[in-house]
Amino acid sequence: MASTEEFIENAGPYFGRLGLSRTSGRIIGCLPADTGQAADAPSLCERLGVAKSSMSVALRQLEQSGFAERYRPVRGRRDHHRLADDVFGRAFRAKMAEFTAFTEMAGQGISAVGHHLVARARLELMRDRYAFMAREFPRLLDQWDKEKNSRPSADH
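Residues numbered from 1 in each chain as written. Predicted model: local features only at pLDDT ≥ 70, side-chain atom pairs only at ≥ 80, totals over all residues. Heavy atoms only, no water.

## A short note on the packing of helix α3 (residues 41-48) against helix α4 (residues 52-65)
In step 1: Packing of α3 against α4 brings their axes to within 10 Å, and their N-to-C directions diverge by 115°. Our classification of the angle between α3 and α4 gives roughly perpendicular. The interaxial crossing formed by α3 with α4 has right-handed handedness. Each of Ala41, Leu44, Cys45 and Leu48 in α3 lies in contact with α4, whose residues at this interface are Lys52, Met55 and Leu59.
In step 2: Looking at the contact of α3 with α4 residue by residue, the classes come out as six nonpolar, no polar and one charged. (Axes fitted to C-alpha atoms, helices over the stretch in contact; angles between N-to-C directions. Helix = DSSP H or I, 4+ residues; strand = E, 2+ residues; numbered from the N terminus. Parallel < 35°, antiparallel > 145°, perpendicular 65-115°, else oblique. Left-handed = near helix turned anticlockwise from the far one by under 90°. Contact = heavy atoms within 4.5 Å. Nonpolar A, V, L, I, M, F, W, Y, C, P; charged D, E, K, R; others polar.)

Right, dumping it as structure tokens:
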């Protein structure tokens, strides 16, 4: 069984593939796994062994990308950070944007290879596969949202 530490560390490169920094990814792993709640920057620095300046940059990146939000608790002295609702769904949807980019890139390749049958066939397959995923994945996620919303709440 994986430890919380392993989960947090594995979140770094996973979210790095979405264009976030490794520290941002580790924060995304830390917040739900470690506390299940929000945390302030000094606590996150200590927990993750990250410099204050790196933490500041990572938290700003998470806020700007919509993965996290900053708020101040009632009577609190420090801002806290929490993950946005359905952060993992947001991450998946962000990755889906690449399907369109791959489709366009394959189209460019098709133009470049002209009538070379083998190369053209490979690129057409690539184009069609990514076009299919760009078209079908949003429907699949909408279906998931409906299923998720029909589940009993964990509070009950």
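## Some thoughts on α4
Since one α-helical turn is 3.6 residues long, residues separated by three or four positions face the same way.
In step 1: Taking 1.5 Å of rise per residue, the 14 residues of α4 would be expected to cover 20 Å, and the 20 Å separating its terminal C-alpha atoms lies within 8% of that figure.
In step 2: Those residues of α4 not exposed but buried are Met55, Ala58, Leu59 and Leu62. Projected down its long axis, α4 carries its buried residues within an arc of 100°, all on one side. Along α4, exposed side chains directed more than 90 degrees from the buried face belong to Ser53 and Gln64.
In step 3: Looking at the residues trailing α4, positive phi occurs at glycine 66, about 85°. (Expected span 1.5 Å × (residues − 1). Buried < 20%, exposed > 50% of the residue type's maximum accessible area, 1.4 Å probe, protein only. Arc of directions from axis to C-beta.)

## Details of the sheet that holds strand β3 (residues 80-83)
In step 1: Ordered in space as β1-β3-β2, the three strands form an open sheet in which the pairing is antiparallel. Unpaired on one side and paired on the other, β1 (39-40) and β2 (68-71) mark the two borders of the sheet.
In step 2: Here β2 pairs with β3 via four bridges, running antiparallel. Its bridge partner being in β3, glutamate 69 is matched across the sheet by arginine 82. (Pairing = 2+ DSSP bridges.)

What is shown is where atoms sit, not what they do.
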